[in-house]
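One-letter residues, chain by chain:
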Amino acid sequence: MSTVTITDADRALLDLLGQNARMPTATLARRLGLSRTTVQARLERLEREGIITGYGVRLSDEYRGGFVKAHVLITLAPKSLPRVTAELNGIAEVRTLHSVSGTYDLIAIVAAASIAELDHLIDHIGALEGVERTLSSIILSTRIQR
């Protein structure tokens, strides 16, 4: 297993891409004080080494504001993690799934179009085979997102 070395310039490049993944290479180079060729080579290396695995879309606050979001803490029955993870992966409203330490085994970040749909979604998650218990908290606002 090889160790990937990330430089300060790589971190600065990744930060700029996090702000806008479609930023042109020439703009990235200008902001970083590097040549376009150097930035392109760094991007190719970061992709090849698996640091950059893809580029995504950042949705506007206005669009995202149309969803009701919640954290769903999930306690699992023994040995049910693979099955429950696979089932949650098949539910489009599950946006993120984290394995965590402590009382709960997983935290799912979910988004639904309405409170009624969120209620149905949480009931659906709770009814999955291998899920013993859930605890949900509706997200009122997001104070920091990077």
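Residues numbered from 1 in each chain as written. Predicted model: local features only at pLDDT ≥ 70, side-chain atom pairs only at ≥ 80, totals over all residues. Heavy atoms only, no water.

Draft legend 1. Spatial organisation of the overall build of the protein chain. For the protein chain, the helix and strand inventory stands at 6 helices and 4 strands. From first element to last, N terminus to C terminus, the protein chain shows the α and β order α-α-α-α-β-α-β-β-α-β. With the principal axes as the frame, the protein chain shows a C-alpha extent of 55 × 40 × 25 Å. Out of the 146 residues belonging to the protein chain, those deemed buried represent 28%. In the form shown here, the protein chain has an accessible surface area of approximately 10000 Å², with 52% of it arising from carbon and sulfur atoms. Each charge class in the protein chain was averaged separately, 17 positive and 16 negative side chains, and the resulting centres sit 9 Å apart. (Helix = DSSP H or I, 4+ residues; strand = E, 2+ residues; numbered from the N terminus. Buried < 20%, exposed > 50% of the residue type's maximum accessible area, 1.4 Å probe, protein only. Areas by Shrake-Rupley, 256 points an atom, 1.4 Å probe, with all protein chains shown as cover. Lys, Arg positive; Asp, Glu negative; His and termini not counted. Charge placed at Lys NZ, Arg CZ, Asp CG, Glu CD.)

Draft legend 2. Just helix 2 (residues 25-32), in detail. Every buried residue of helix 2 is accounted for by T25, T27, L28 and A29. In this structure, the buried residues of helix 2 make contact with helix 1 (8-19) and helix 3 (36-48). Residue G33 follows helix 2 closely and has a positive phi angle near 70°. (Contact = heavy atoms within 4.5 Å.)

Draft legend 3. Seen up close, the environment of T134. Along the chain, T134 turns up in strand 4 (residues 131-139). Sequence-wise, T134 and E93 are 41 residues apart; in three dimensions their C-alpha atoms are separated by 16 Å. Apart from residues lying up to four places away in sequence, T134 is in contact with V72, L73, I74, I122, I125 and G126.

Draft legend 4. Highlighting the sheet that holds strand 2 (residues 94-99). In spatial order, the strands read 2-3-1-4; together these 4 strands make up an open sheet with antiparallel pairing. Here the strands that pair on one side only, and so sit at the sheet edges, are strand 2 and strand 4. Going across the sheet, the axis of each strand differs from the next one's by a mean of 20°, ignoring polarity. As defined by bridge partners, strand 2 adjoins strand 3 (residues 106-112) across 5 bridges and the pair is classed as antiparallel. Across the sheet, the residue bridging to H98 is I107, located in strand 3. Sheet strands in contact with helix 6 (residues 115-127) are strand 1 (68-76), strand 2, strand 3 and strand 4, and its direction is about 155° off that of strand 4. (Pairing = 2+ DSSP bridges. Axes fitted to C-alpha atoms, helices over the stretch in contact; angles between N-to-C directions.)

Draft legend 5. The arrangement of the side chain of T25 in detail. Assignment of secondary structure puts T25 in helix 2. A distance of 3.4 Å separates a polar atom in the side chain of T25 from a polar atom in the side chain of Q40. When residues no more than four places from it in sequence are discounted, the contact partners of T25 are R36, V39, Q40 and L43. (Polar contact = N/O pair within 3.5 Å; in protein donor to acceptor, adjacent residues only side chain to side chain.)

Draft legend 6. Local environment of a nonpolar patch on the surface. Taken together, the side chains of I115, I138 and L140 present a nonpolar region at the surface, about 360 Å² in accessible area. Owing to a relative accessible area of 46%, I138 belongs among the partly exposed residues under this scheme. (Patch = residues over 30% accessible without salt bridge, like charges linked within 9 Å, V, L, I, M, F, W, Y side chains within 5 Å. Salt bridge = Lys/Arg side-chain N within 4 Å of Asp/Glu carboxyl O.)

Draft legend 7. Representation of the packing of helix 2 against helix 3 within the structure. Packing of helix 2 against helix 3 leaves a shortest axis separation of 8 Å and a crossing angle of 105°. When the axis of helix 2 is compared with that of helix 3, the two are roughly perpendicular. Packed against helix 2, whose contacting residues are T25, A26, L28, A29 and L32, the element helix 3 presents R36, V39, Q40 and L43 at the interface. Its residues placed into classes, the contact of helix 2 with helix 3 shows 6 nonpolar, 2 polar and 1 charged. (Parallel < 35°, antiparallel > 145°, perpendicular 65-115°, else oblique. Nonpolar A, V, L, I, M, F, W, Y, C, P; charged D, E, K, R; others polar.)

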